Amino acid sequence: MPSVVGLLEQHELAARCRVDGLREEADRIQGELVVAELEWQEWVIARRRVDAVLAPDCGSTADTEDVPDPRAAGGPSAPRDSAKLSRSSSKSCPRRRS
């Protein structure tokens, strides 16, 4: 029959192995998150550039929502749904007639 101390050591080892595995997974996910955030920011920049090119008379992107840099937050990130990009209004620049 195993001793109480031996059983406790087995449980401790199992818990430590689980923590180590979860830490490795968290590190992997954090790395993927950094890459995904960079890609997202590249798309934001691309959209803003296209907006500027397609509406040169406006010279303003007031109808787009400013998206803060997620890397500048410093703390745990908010749920991803709250960071979706969207148009704040359906206003568009008046077009000049040629």
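Note that this is a predicted model, so its numbers are computed, not measured.

1. Topic: the overall build of the chain
When helices and strands are counted, the chain shows one helix and zero strands. Burial statistics for the chain: of 98 residues in total, 6% are counted as buried. Long-range contacts, defined as pairs at least 24 residues apart, comprise 74% of the intrachain contacts of the chain with a sequence gap of at least 6.

2. What about the confidence of the model for the chain?
Here the chain averages 76 in pLDDT, and 58% of its residues register 70 or above. Below a pLDDT of 50 lies the segment residues 78-98, which in the model reaches 21 contacts outside its immediate sequence neighbourhood of four places, other chains included.

3. Structural notes on the pattern of salt bridges
Enumeration over the complete set of coordinates arrives at two salt bridges. The shortest N-O distance in the salt bridge between E32 and R28 comes to 2.6 Å. Within this pair, E32 and its partner R28 are both found in helix α1 (residues 4-54), separated by four residues, close to a single helical turn. The class of E32 is partly exposed, set by a relative accessible area of 47%. R47 is paired through a salt bridge with D51; the nearest N and O atoms lie 3.7 Å apart. With R47 and D51 both in helix α1 and four residues apart, the pair spans about one turn of that helix. Taking the relative accessible area as the measure of exposure, D51 reaches 18% and is therefore buried.

4. Focus: α1
Counted at 1.5 Å a residue, the expected span for α1 with its 51 residues is 75 Å, and the 74 Å between its end C-alpha atoms agrees. Buried residues of α1: E37, Q41, V44 and D51, and no others.

5. A few points about a nonpolar patch on the surface
On the surface, V50, V53 and L54 cluster together to form a nonpolar patch covering roughly 300 Å² of accessible area. Residue V53 is classed as exposed on the basis of its relative accessible area of 63%.

Reading guide: rules and limits
Residues numbered from 1 in each chain as written. Predicted model: local features only at pLDDT ≥ 70, side-chain atom pairs only at ≥ 80, totals over all residues. Heavy atoms only, no water. Helix = DSSP H or I, 4+ residues; strand = E, 2+ residues; numbered from the N terminus. Buried < 20%, exposed > 50% of the residue type's maximum accessible area, 1.4 Å probe, protein only. Contact = heavy atoms within 4.5 Å. pLDDT = per-residue confidence, 0-100. Salt bridge = Lys/Arg side-chain N within 4 Å of Asp/Glu carboxyl O. Expected span 1.5 Å × (residues − 1). Patch = residues over 30% accessible without salt bridge, like charges linked within 9 Å, V, L, I, M, F, W, Y side chains within 5 Å. Areas by Shrake-Rupley, 256 points an atom, 1.4 Å probe, with all protein chains shown as cover.

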